[in-house]
Amino acid sequence: SQTIHQWPATLVQPVGSPLSLECTVEGTSNPNLYWYRQAAGRGLQLLFYSVGIGQISSEVPQNLSASRPQDRQFILSSKKLLLSDSGFYLCAWSTTVEDQPQHFGDGTRLSIL
Amino acid sequence: QKEVEQDPGPLSVPEGAIVSLNCTYSNSAFQYFMWYRQYSRKGPELLMYTYSSGNKEDGRFTAQVDKSSKYISLFIRDSQPSDSATYLCAPGAGSYQLTFGKGTKLSVIP
């Protein structure tokens with residue numbers, strides 16, 4: 001069966017510091033991968049999605065970037081964190097068939113001080 | 001008008017009650033419909049998904065879609081305290097993207 005791992009579970013970072021969140025998927029090949037942010041009262045916002053190694057689509061302009069160095073690895077990064085980057089970050093995967101559901105990891109709660 | 005509207009609740013019901021959770025949407029291109037359950041401080045968990053108008057049943061859960069009215073529902077029968085969570089509707093259209101409602105927070109009181 002397929003599993004998705006995200007780490008760390010919680011992170012507290014000062015303003016201006018860099019960020020690296022990692023997500024890995026097991027038990028499947030060539031998945032679509034997604035990064036979402038969930039803010040209180042605002043629902044899930046899609047940040048990035050990837051259909052293959054090195055292929056990244058950005059949905060919203062922001063202070064964040066994503067990379068996919070390996071087939072089942074997805075990384076969310078920032079060079080300098082802003083207070084507004086605080087939130088709950090979720091990674092998800094799906095098969096390449098368009099109408100298949102997405103499956104989520106347990107997220108990283110990021111607090112910026 | 002937002003693409004997906006969902007009553008945020010909170011909704012509080014006694015154990016054993018039938019729960020009705022609803023979403024409306026405006027995009028006629030939505031062709032498939034997901035429901036996710038999210039426990040506090042956890043990621044969303046897929047509960048149901050359907051591709052057509054009508055009902056789909058899985059145990060105590062029934063998903064209902066009315067494409068003509070752009071209205072989707074999730075019914076929970078014999079609700080349990082373990083059903084206490086936030087429920088997210090997520091319709092999607094042919095690309096790789098789902099559009100999530102903001103979620104309805106449900107509490108089932110023993």
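Above this text is the structure in question.
Residues numbered from 1 in each chain as written. Chains lettered and ligands numbered in written order. Predicted model: local features only at pLDDT ≥ 70, side-chain atom pairs only at ≥ 80, totals over all residues. Heavy atoms only, no water.

1. Comments concerning the overall build of chain A
The secondary structure content of chain A amounts to zero helices and 11 strands. For a compact globule of 113 residues, the expected C-alpha radius of gyration is about 13 Å, and chain A comes in at 13 Å, within 12% of that figure. Each principal axis of the C-alpha distribution contributes one length, and for chain A these read about 40 × 30 × 25 Å. Put simply, chain A has 113 residues, and 48% of those count as buried. Long-range pairs, those at least 24 residues apart, make up 55% of the contacts in chain A between residues at least 6 apart in sequence. As presented, chain A carries roughly 5300 Å² of accessible surface, and 51% of it is formed by carbon and sulfur atoms. (Helix = DSSP H or I, 4+ residues; strand = E, 2+ residues; numbered from the N terminus. Rg over C-alpha atoms; globule rule 2.2 N^0.38 Å. Buried < 20%, exposed > 50% of the residue type's maximum accessible area, 1.4 Å probe, protein only. Contact = heavy atoms within 4.5 Å. Areas by Shrake-Rupley, 256 points an atom, 1.4 Å probe, with all protein chains shown as cover.)

2. A look at the interface of chain B and chain A
With 20 residues of chain B at the contact, the number on the chain A side is 25 residues. Of the roughly 1900 Å² buried at the junction of chain B and chain A (both faces included), carbon and sulfur atoms supply 55%. Of all residues in chain B, R41(B), Y96(B) and F100(B) bury the most surface against chain A, accounting for 33% of the area lost on that side. On inspection of chain B and its partner chain A, the count reaches one salt bridge. Among the salt bridges present, the one from K42(B) reaches D106(A), with a minimum N-O distance of 3.7 Å. Counting across the chain B and chain A interface gives four residue pairs in polar contact (both at pLDDT 80 or more). For the side of chain B that touches chain A, the secondary-structure elements that each account for two or more residues are strand 4 (32–38) and strand 5 (45–50) of chain B. Take the side of chain B that touches chain A: its biggest share by element is four residues, from strand 4 of chain B. Tallied by class, the residues present in the side of chain B that touches chain A amount to 11 nonpolar, six polar and three charged. (Buried area = accessible area lost by both parts, 1.4 Å probe. Salt bridge = Lys/Arg side-chain N within 4 Å of Asp/Glu carboxyl O. Polar contact = N/O pair within 3.5 Å; in protein donor to acceptor, adjacent residues only side chain to side chain. Nonpolar A, V, L, I, M, F, W, Y, C, P; charged D, E, K, R; others polar.)

3. Some details on the sheet that holds strand 1 (residues 4–6) of chain B
All names here are of chain B. Spatially, 1-3-8-7-6 is the arrangement adopted by the five strands of the open sheet, whose pairing is antiparallel. Pairing within the sheet leaves two strands with one partner each, and these edge strands are strand 1 and strand 6 (54–58). Shown here is a sheet whose adjacent strand axes are inclined to one another by a mean of 15°, direction ignored. Bridge analysis of strand 6 against strand 7 (residues 61–66) gives five bridges, and the strand direction is antiparallel. Each bridged residue has a counterpart across the sheet, and for E57 the counterpart in strand 7 is T62. (Pairing = 2+ DSSP bridges. Axes fitted to C-alpha atoms, helices over the stretch in contact; angles between N-to-C directions.)

4. Examining the sheet that holds strand 1 (residues 3–7) of chain A
Residues and elements named next belong to chain A. The four strands lie next to each other as 1-3-8-7, forming an open sheet whose pairing is antiparallel. Every other strand in the sheet has two partners, leaving strand 1 and strand 7 (65–70) as the edge strands with one partner each. Within the sheet, the average angular offset between the axes of one strand and its neighbour, ignoring direction, is 20°. Pairing geometry for strand 3 (residues 19–26) and strand 8 (residues 73–78), over six bridges, is antiparallel. Residue pairing across strands places L19 opposite S78, the latter belonging to strand 8.

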